[in-house]
Amino acid sequence: MLITNRHVSERASKNDSELHARFNRPMGVEPNIYPIPSKDTHGSTSWIVHPNSDADVAVLLINGQQLRKDGIEFSFFAGGTQKVYALDQARESGVSEGDGVFVLGFPLGQAGTERNYTVVRQGIIARIQDWLSGNAQTILIDASIFPGNSGGPILLKPEVTAIQGTKPNERCGLIGMVSSYLLYREVAVSQQTGLPRMIFEENSGLGIVVPYNVIEEAIEFAINELNLRQPAVSKGKDIGS
């Protein structure tokens, strides 16, 4: 399954624009670009979104066998392994504020010319206790997040040091994906009328992260939804299944 943000799929649908997925091939070979249809062969929406409208997750079933036949190289994060931090694993590992993270993505369209390698930046967890206690569905990180980072994975950074009273993380693993950045708004008020005349919006430097367990919920919901649909076979040059 291909996972991204709900706002990515909904924006494309609202603007009636077609999304494409680029998959790399061996060095020196042109990548394959596949159209992502808005509807499957039975007329159902290709993207399946998390049942909670506040959860910024969308799931697309892809045809992995077709990708392999086309010589595509790809990997994935498997749930239930040491490569991911679900809620229980994050609690057990003592993940806390101040822990380092890697932020992967293509901010501001910074894509490569051939292999299209991801841009990797660093940051730290700014707030996570709300999620760990079960009172929130997002995590805050202190990192540079820009358009193009949406849907990008957030990985915990292995470190031997930690803030006093917390445990260091000894392994790298997926903890979530980028949703957006928090906006900082400043209002200019007219001295004559006392009314707001202009609003300035800037990147606050805080990024919103969808944690892994919310992504897993979306995947489970998508599987149930797909089981209710008749199986469809991909016959075109797309990655839909």
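Just above, that's the structure.
Caption draft 1: View of the overall build of the protein chain. The helix and strand inventory of the protein chain stands at five helices and 11 strands. Projected onto its principal axes, the C-alpha positions of the protein chain cover 60 × 55 × 40 Å. When contacts within the protein chain are restricted to residue pairs at least 6 apart in sequence, long-range pairs at least 24 apart make up 68% of them. Carbon and sulfur atoms provide 51% of the accessible area of the protein chain, an area that totals close to 14,100 Å². Positive and negative side-chain charges of the protein chain, numbering 21 and 26 respectively, have mean locations separated by a distance of 5 Å.

Caption draft 2: Representation of the sheet that holds strand β1 (residues 2-4) in the model. Sheet architecture is open: three strands sit in the order β1-β5-β4, paired in antiparallel fashion. Unpaired on one side and paired on the other, β1 and β4 (48-49) mark the two borders of the sheet.

Caption draft 3: Structural detail: the side chain of Arg6. Take Arg6: it is sitting in helix α1 (residues 6-14). For Arg6, a relative accessible area of 10% translates into the label buried. Residues in contact with Arg6, not counting those within four places in the same chain, are Val49, His50, Asn52, Ser53, Ala55, Asp56, Val57 and Ala58.

Caption draft 4: Region of the structure containing a nonpolar patch on the surface. The grouping of Val187, Val189 and Ile199 at the surface amounts to a nonpolar patch, some 260 Å² of accessible area in total. According to the relative accessible area criterion, Ile199 is exposed, its value standing at 53%.

Caption draft 5: Focus on the environment of Ile62. Looking at the secondary structure, you find Ile62 in the loop between β5 (58-60) and α2 (64-69). By relative accessible area, which is 17% here, Ile62 ends up buried. Counting along the chain gives 61 residues from Ile62 to Met1, while the straight-line C-alpha distance between them is 5.5 Å.

Definitions and limits used
Residues numbered from 1 in each chain as written. Predicted model: local features only at pLDDT ≥ 70, side-chain atom pairs only at ≥ 80, totals over all residues. Heavy atoms only, no water. Helix = DSSP H or I, 4+ residues; strand = E, 2+ residues; numbered from the N terminus. Contact = heavy atoms within 4.5 Å. Areas by Shrake-Rupley, 256 points an atom, 1.4 Å probe, with all protein chains shown as cover. Lys, Arg positive; Asp, Glu negative; His and termini not counted. Charge placed at Lys NZ, Arg CZ, Asp CG, Glu CD. Pairing = 2+ DSSP bridges. Buried < 20%, exposed > 50% of the residue type's maximum accessible area, 1.4 Å probe, protein only. Patch = residues over 30% accessible without salt bridge, like charges linked within 9 Å, V, L, I, M, F, W, Y side chains within 5 Å. Salt bridge = Lys/Arg side-chain N within 4 Å of Asp/Glu carboxyl O.

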